[in-house]
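Coordinates in review
Spelled out, the chains give:
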Amino acid sequence: MIELRGITWDHPRSTAPLAESARRYAALSGVRVMWDVRSLTAFGDASVEDLAAAYDLVVLDHPHIPLAAEADCLLPLDEHLPPAQLDALAAQSAGPSHASYAYAGHQWALALDAAVQSSVRRADLLPDPLPQTWEDVLSLGTDLRAHDLWLAVPLGPTDARDSWQTLCAGLGEPLGTEPDGFVSAETGIAALILLRALARIAHPASLDWTPIALLDHMRDHDDIAYCPLVYCYVTYARDDSPGHVLTFDPVPGVKGAILGGAGFAVSAATAHPAAACAYGAWLCGVEAARTWVVAAGGQPGNAAAWQDDAANRLTHDFFRRVYPGLHAAYVRPRLAGFPAFQAQAGQTIHRFLRERSDPRACMAALADLYAQTCAQPDAPTREETA
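Quantities reported herein were computed from a predicted structural model and do not represent experimental measurements.

Calculation criteria
Residues numbered from 1 in each chain as written. Predicted model: local features only at pLDDT ≥ 70, side-chain atom pairs only at ≥ 80, totals over all residues. Heavy atoms only, no water. Phe/Tyr/Trp six-rings, centres within 6.5 Å; stacked < 30°, edge-to-face > 60°. Helix = DSSP H or I, 4+ residues; strand = E, 2+ residues; numbered from the N terminus. Buried < 20%, exposed > 50% of the residue type's maximum accessible area, 1.4 Å probe, protein only. Lys NZ or Arg CZ within 6 Å of the ring centre and 35° of its normal. Pairing = 2+ DSSP bridges. Contact = heavy atoms within 4.5 Å. Axes fitted to C-alpha atoms, helices over the stretch in contact; angles between N-to-C directions. Parallel < 35°, antiparallel > 145°, perpendicular 65-115°, else oblique. Nonpolar A, V, L, I, M, F, W, Y, C, P; charged D, E, K, R; others polar. Disulfide = S-S within 2.5 Å.

Section: the packing of aromatic side chains
One pass over the structure, following the stated rule, counts 17 aromatic pairs. Relative to Y233, the ring of W9 lies with its centre 6.4 Å away and its plane at 70°, an arrangement referred to as edge-to-face. Residue W9 is located in strand β1 (residues 3–9), and its partner Y233 is located in the loop between β9 (224–231) and β10 (247–249); the two are separated by 224 residues in the primary sequence. Each member of the pair, W9 together with Y233, is buried. Measuring from ring centre to ring centre gives 6.2 Å for Y233 and Y236, while their planes differ by 85°; the resulting arrangement is edge-to-face. A single burial state applies to Y233 and to Y236, both of which are buried. Pairwise contacts between aromatic rings join Y25, F264, Y279, W282 and W292 into one cluster. Above the ring of Y233, the side-chain terminus of R13 is found at 4.6 Å from the ring centroid. R145 extends its terminal NZ or CZ atom over the ring of W150, reaching a point 3.7 Å from the ring centre.

Put into structure tokens, the structure is as follows:
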């Protein structure tokens, strides 16, 4: 019997569907798949090269693709899957999920899971209409306090950084639009000021919360009515989950929310490349996405699930409500140095929010960091393009 070992991130949205997939695929094909887990922090920070040396299958975040490709530690799936099958998966992609794993002319992973920063609310505490602009959000935060309720935002280092990127993109200038690949000082500072304004009216624990910590709190307590920026989790939108059901929608303005999700990659060192690729294509395909992946608590990277009536009945229309934001998501720059930028930028922005320091100094530090980690040697300077 062929055996494959994989590594994923430690949350039921990932672990439950993968466990179900292993059971089903063993019965279908005779291939045994075993999954280990790593923390969500490690999912964003761990070396894909190290993971690929230890596992056949790696579930990863798309900004790691350039480093992994340059390290030659993953299989280019376009060389191992039939073109028609890969084209079908591309056409079925939930938003830009599939394309986010393409780099240097190759497809390095399949869209296993799709996510995007969204807004979330307790519908029993905050009925329609929702805030449509960031000015509306700030006004809502003040209004909620008059009713002993809070607006909240997860603003730990990772999510402060991601929310800043969403705000830059929402202001019309995602990272990568400047000649040097970064963002203009004007837009970056405006996004920092808006993020600071949100932090000032948000629940006091916001600076310490991750998305899961915030969503758990909203599910279990009655003091937070709304959050404008958080990664969407279908597990909180189901009646079979504990506590209150949460309602997800796109962020104010809809466009430019940062793309999340997870990709299915195959190690270049696997002894069973054909079996590993076949399992991935089956797992990410239409039939699995629409049926048992959603039933098991998954959030597929295949758009068939997001448009499926049964999937939406099970999740209070989670998929349909969130999809406009996913379709218009911002994809982070695919540069080998970007993971290093992300890791340090989060600490810089979090410190700015906690210390309420000068946004111009914070932006200057971010620009310097980007130049150190991500600047392309042959990229023109701003002076050369002026």
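Things to note about the sheet that holds strand β7 (residues 117–121)
Whether parallel or antiparallel, the strands of a sheet pair through hydrogen bonds between backbone atoms. Ordered by their spatial adjacency, four strands build an open sheet running β8-β9-β7-β10, and the pairing between neighbours is mixed. Strands at the two margins of the open sheet, each flanked by one partner only, are β8 (150–151) and β10. One ladder, built from three bridges, connects β7 with β10; its direction is antiparallel. The residue bridging R121 from the neighbouring strand is T247, located in β10. Helix α6 (residues 134–145) contacts β8 and β9 of the sheet and is inclined by roughly 145° relative to β9.

Some details on the packing of helix α7 (residues 157–170) against helix α15 (residues 338–355)
In the contact formed by α7 and α15, the axes pass within 7 Å of each other and the chain directions differ by 95°. Between α7 and α15, the interaxial angle falls into the category roughly perpendicular. In this structure, α7 uses P157, A160, R161, D162, W164 and Q165 to contact α15, whose residues at the interface are F338, Q342, A343, A345, G346, Q347, I349, H350 and L353. Residue composition of the contact of α7 with α15, grouped by class: eight nonpolar, five polar and two charged.

With respect to the environment of A345
Following the sequence through the fold, A345 ends up in helix α15. Its relative accessible area of 0% is what places A345 among the buried residues. Sequence-wise, A345 and Y370 are 25 residues apart; in three dimensions their C-alpha atoms are separated by 8.6 Å. The contacts of A345, once residues within four sequence positions are left out, are R161, L366 and L369.

Side note on the state of the cysteines
Across all of its chains, the model carries zero disulfides by this definition. Note on C232: no disulfide assigned, nearest cysteine sulfur contributed by C227 at a separation of 12 Å. The class for C232 is buried, based on a relative accessible area of 0%. Cysteine C374 shares no disulfide, and the gap to the nearest cysteine sulfur, in C168, comes to 14 Å.

Let's talk about unusual backbone geometry
With an omega dihedral of 0°, the bond running from D128 to P129 counts as a cis peptide bond. Relative to the helices and strands, P129 is located in the loop between β7 and α6. Phi is positive for R356, which is not a glycine, with a value near 50°. Mapped onto the fold, R356 is located in the loop between α15 and α16 (359–373).

Re the environment of R122
Turning to its location among the elements, R122 is positioned in the loop between β7 and α6. Owing to a relative accessible area of 1%, R122 belongs among the buried residues under this scheme. Residues R122 and V245, 123 residues apart in the sequence, show an inter-C-alpha distance of 7.4 Å. Those residues in contact with R122 that lie beyond four places of it in its chain are M218, H221, D222, I224, A225, H244, V245 and L246.

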